[in-house]
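Spelled out from the first residue to the last, the chains are:
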Amino acid sequence: MKSLKIAVDLDGVLAETMTAWCKRANEQLGTRLKLDDLDSWASWTKLGVTKDQFYRLLDDAWDDWEHVPPTEPRIAAKVAKIGKIGRVDIVTGRSRRTVEGARNWLAHHEIAYERFVRVAGVKDKVFLDYDLYIDDAPDLMPLISQNPVKNGILYERPWNRDVPDMPRIFKVDKWAGIPRIIQGIIR
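For clarity, every value in this text was computed on a predicted model and none was experimentally measured.

(A) Quick look at the overall build of the protein. When helices and strands are tallied, the protein shows seven helices and six strands. The linear arrangement of helices and strands in the protein, starting from the amino end, is β-α-α-α-α-β-α-β-β-α-β-β-α. Rg of the C-alpha trace for the protein: 16 Å, near the compact-globule value of 16 Å for 187 residues, within the 12% margin. Dimensions along the principal axes, computed over C-alpha positions, put the protein at roughly 55 × 35 × 25 Å. For the protein, buried positions account for 51% of its 187 residues. Per element, the accessible surface of the protein, about 9,500 Å² overall, is 50% carbon and sulfur. The distance from the centre of the 30 positive side-chain charges to the centre of the 28 negative ones in the protein is 4 Å.

Take a look at the structure:
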């Protein structure tokens, strides 16, 4: 049996980047945002910032990568568990400017992976050769679902709670549920 190729997203799945984003936005824009306020993938539309401002603040958060917490305690051990089942690559949509900070963050948190793959946009991930995507992007899941040989695990966040059920897309709110889903996929 071939090894399962697993694409794991970084922002919002491993790294709690949006709490760092909220902190930056609150400091620079005078807002009082919390993670739960980001209840849309295009949150900038209701927050009164442009898409460029939104992503600039996100890039700025990675300049201070040491203050970006993991999404869950002991995240490295949880990723290592799925690494025993398949090949784990970090596949992330981000600007080139943030790659060094992202890699430093992964090393600091001792997250084991084989390859770091940067894509320009989240939807570009579906064109890569992976069997399983663990991601928080609601726009990616329908694209994965349309491909009969791909599966997705949607890591539930405030911005993706409205994603409808679809074929081969599984939802989890904690990393603890991911190994069981993967075992079911490979059976």
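Further notes follow.
(B) Spatial organisation of the pattern of salt bridges. Evaluated as defined, the whole model comprises 13 salt bridges. The residue Asp-60 makes a salt bridge to Arg-97 at a minimum N-O spacing of 2.7 Å. On the criterion of sequence distance, the pair formed by Asp-60 in helix 3 (residues 51–63) and Arg-97 in the loop between strand 2 (86–93) and helix 5 (99–108) is long-range, its members being 37 residues apart. Relative accessible area serves as the criterion here: at 40%, Arg-97 is assigned to the partly exposed category. Between Arg-115 and Asp-89 there is a salt bridge whose closest N-O contact spans 3.2 Å. Pair noted here: Arg-115 is in the loop between helix 5 and strand 3 (116–119) and Asp-89 is in strand 2, with a separation of 26 residues, a long-range link.

(C) Structural detail: the sheet that holds strand 6 (residues 169–172). With parallel pairing, the six strands of this open sheet are ordered in space as 3-2-1-4-5-6. A strand with exactly one partner marks an edge of an open sheet, and here the two such strands are strand 3 and strand 6. Looking at each pair of strands side by side, their axes are set apart by 25 degrees on average, direction ignored. For strand 2 and strand 3, the ladder comprises four bridges, and the chain directions are parallel. Residue Thr-92 lies in a different strand from strand 3, and its bridge partner there is Arg-118. Strand contacts of helix 5: strand 2 and strand 3, with the helix running at about 145 degrees to strand 3, the strand carrying the most contacts.

Thresholds, definitions, all that
Residues numbered from 1 in each chain as written. Predicted model: local features only at pLDDT ≥ 70, side-chain atom pairs only at ≥ 80, totals over all residues. Heavy atoms only, no water. Helix = DSSP H or I, 4+ residues; strand = E, 2+ residues; numbered from the N terminus. Rg over C-alpha atoms; globule rule 2.2 N^0.38 Å. Buried < 20%, exposed > 50% of the residue type's maximum accessible area, 1.4 Å probe, protein only. Areas by Shrake-Rupley, 256 points an atom, 1.4 Å probe, with all protein chains shown as cover. Lys, Arg positive; Asp, Glu negative; His and termini not counted. Charge placed at Lys NZ, Arg CZ, Asp CG, Glu CD. Salt bridge = Lys/Arg side-chain N within 4 Å of Asp/Glu carboxyl O. Pairing = 2+ DSSP bridges. Axes fitted to C-alpha atoms, helices over the stretch in contact; angles between N-to-C directions. Contact = heavy atoms within 4.5 Å.

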